[in-house]
Amino acid sequence: MNKLTKPEEQIMHYLWKLKKAFLKDIVEQFPDPKPAYTTISTVVRVLVKKKFIDYKTYGKTREYYPLITKKKYFSEYMNDMIFSFFNGSSGKFASYFTQNEDLNLSELEEIKELIESKIQHLKNKNE
């Protein structure tokens, strides 16, 4: 999977939110001061070329829509990160959170609850 640059990712977030949009709709999503219309247009063309988005043509205007869901992109992004930084080990990835001193007790308990819930779901599924 191709990686997205920060500007590409920002536009994808807007398109995931809007589901489909004309270029002017995407530009309107940006906070002030808004980037130049031509800058957004260039990034959108790159996203089309990378096959992250496609469009329908209405006369001279194009309506853009995502070809990949946010969930699928995030899943592939995380899998690439786990492979690159944790030698493909989900366990090493999870242990990173236990060593991260920025997490407080309630955040660690929330992660623990999520893991326990997933374990219970898998146990129920296998019974």
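Placed above this text is the structure.
Residues numbered from 1 in each chain as written. Predicted model: local features only at pLDDT ≥ 70, side-chain atom pairs only at ≥ 80, totals over all residues. Heavy atoms only, no water.

**Quick word on helix α4 (residues 70-86)**
Argument step 1. Its 17 residues give α4 an end-to-end C-alpha distance of 23 Å, which sits within 8% of 24 Å, the value for a rise of 1.5 Å per residue.
Argument step 2. Along α4, the residues that are buried comprise Tyr73, Met78, Ile82 and Phe86. Around the axis of α4, the buried residues are gathered within 165 degrees of arc, so they sit on the same side. Within α4, the exposed residues directed more than 90 degrees away from the buried face are Phe83 and Ser84.
Argument step 3. The inward-facing, buried residues of α4 abut α1 (6-18) and α5 (90-99).
Argument step 4. Remark: Asn87 follows α4 within two positions and exhibits a positive phi of approximately 50 degrees. (Helix = DSSP H or I, 4+ residues; strand = E, 2+ residues; numbered from the N terminus. Expected span 1.5 Å × (residues − 1). Buried < 20%, exposed > 50% of the residue type's maximum accessible area, 1.4 Å probe, protein only. Arc of directions from axis to C-beta. Contact = heavy atoms within 4.5 Å.)

So far we have only geometry, and geometry alone does not tell us how the molecule works.
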